[in-house]
Amino acid sequence: MSEQLDRQIARFLLDLLPPGRPRRLARMSFPGELLRDGTPRDKYQDIKDKQLTLAMLAEHVRGGKTYSYTLDKDGKAREGAIDIDAGGQPALLAALRVAAELGVTAFAVKNDAGGKHKGGHFRALFDASYPVAHIRALMLTIAEQAGLGAVEIWPQNQGLRGLFGFHQVDQTRGQLLLQSGEIIKLDDDLAAGFAAVRALPLNSAPPAPPEPEP
């Protein structure tokens, strides 16, 4: 993979984030990696007082290191996501189908290479920063209408593995699933996957959630 492509994808990822340091930033541990005191690292170890830079994201794209980070700041974000841990590809496709029915452009990255989790990340990108509550409400609607059951939804006060990141434990970037039905193996052709995501239209403002009944 070329250095130019690394930086193009890194810039794309950085532009999706609000300015400034993510509220939470962490690096994914390598298999068997230990802390300095010899104890095992958590799957994601928090990074304190450090900005997420273009260079770090380029390394993330290369697969040398993998970062997770929060998607929002000051109550706004440009990305919504659903972490689907069960149901595998059918669950991801159900979410994509519901999103399309709602007029939402989305894609998913499937990773069922190992462990007990069989699913991946559903993601929707927006053309500007919008209220977190509105994005979360839209993601929740998609999850409920797709029958996904209990899932985690972003933005939230927890990091999410950055898009196109290499899963250090499962040793894969996964497969990109598009609403068109196309599937791209990111381990084989990351450039094609990036081009496909970048070509997707960005979503406009998500609807405000309904007011709670008095």
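Before reading on, note that the structure itself is shown above.
Residues numbered from 1 in each chain as written. Predicted model: local features only at pLDDT ≥ 70, side-chain atom pairs only at ≥ 80, totals over all residues. Heavy atoms only, no water.

Caption draft 1: Geometry of the overall build of the protein. A count of helical and extended segments in the protein gives 5 helices and 11 strands. Relative to its length of 214 residues, the protein is compact, with a C-alpha radius of gyration of 17 Å against a globular reference of 17 Å. Projected onto the principal axes, the alpha-carbon positions of the protein cover approximately 55 × 35 × 35 Å. Buried positions account for 48% of the 214 residues belonging to the protein. Taking all contacts inside the protein whose residues are at least 6 apart in sequence as the whole, residues at least 24 apart take part in 71%. A total of about 10,500 Å² of accessible surface is found on the protein, and carbon and sulfur atoms cover 50% of it. Considering the protein, the positive charge centre built from 26 side chains and the negative charge centre built from 26 side chains are found 5 Å apart. (Helix = DSSP H or I, 4+ residues; strand = E, 2+ residues; numbered from the N terminus. Rg over C-alpha atoms; globule rule 2.2 N^0.38 Å. Buried < 20%, exposed > 50% of the residue type's maximum accessible area, 1.4 Å probe, protein only. Contact = heavy atoms within 4.5 Å. Areas by Shrake-Rupley, 256 points an atom, 1.4 Å probe, with all protein chains shown as cover. Lys, Arg positive; Asp, Glu negative; His and termini not counted. Charge placed at Lys NZ, Arg CZ, Asp CG, Glu CD.)

Caption draft 2: Representation of empty space enclosed by the protein in the model. Applying the stated criterion across every chain, the model contains 2 cavities of 30 Å³ or more. Here the largest cavity defines a volume of roughly 60 Å³. Forming the boundary of the largest cavity are Thr105, Ala106, Phe107, Arg123, Ala124, Leu125, Val197, Leu200, Pro201, Leu202 and Asn203. For the lining of the largest cavity, the element with the most residues is strand S7 (residues 119-131), which contributes 3 residues. Each residue belonging to the lining of the largest cavity can be placed in one class, and the counts come to 8 nonpolar, 2 polar and 1 charged. In this model, the second largest cavity occupies a volume close to 40 Å³. (1 Å grid on protein atoms, 1.4 Å probe; cavity = no way out; pocket = protein on both sides within 12 Å on 5 of 7 lines; lining within 4 Å. Points joined across faces, edges and corners; volume = space filled by probe spheres on them. Nonpolar A, V, L, I, M, F, W, Y, C, P; charged D, E, K, R; others polar.)

Caption draft 3: Representation of the sheet that holds strand S1 (residues 25-28). A sheet is described by the order of its strands in space; here 4 strands give the open sequence S2-S1-S3-S9, paired in antiparallel fashion. Only two strands of the sheet have a single partner each, and these edge strands are strand S2 (44-46) and strand S9 (160-161). Pairing geometry for S1 and S2, over 3 bridges, is antiparallel. Looking across to S2, one finds that Arg27 is bridged to Gln45. (Pairing = 2+ DSSP bridges.)

Caption draft 4: Spotlight on helix H1 (residues 3-15). Compared with an ideal rise of 1.5 Å per residue, which puts 13 residues at 18 Å, H1 spans 18 Å between its outermost C-alpha atoms and is within 8% of the ideal. Those residues of H1 that sit buried are Leu5, Asp6, Ile9, Ala10, Phe12 and Leu13. Projected down its long axis, H1 shows its buried positions confined to an angular sector of 160°, all on one face. Of the exposed residues in H1, the ones pointing more than 90 degrees away from its buried face are Glu3 and Gln4. Where H1 is buried, its residues contact helix H2 (54-62), strand S3 (67-69), S7 and helix H5 (190-199). (Expected span 1.5 Å × (residues − 1). Arc of directions from axis to C-beta.)

Caption draft 5: Looking closely at the pairing of strand S6 (residues 107-111). For S6, a buried count of 5 out of 5 residues is recorded, marking the element as mostly surrounded by other parts of the structure. Direction of pairing for S6 relative to S7: antiparallel, over a ladder of 5 bridges. Across the sheet, the residue bridging to Ala108 is Phe122, located in S7. As judged from the 4 bridges shared by S6 and strand S10 (residues 175-178), these two strands associate in the antiparallel manner. By the bridge assignment for S10, Lys110 is matched with Gln175.

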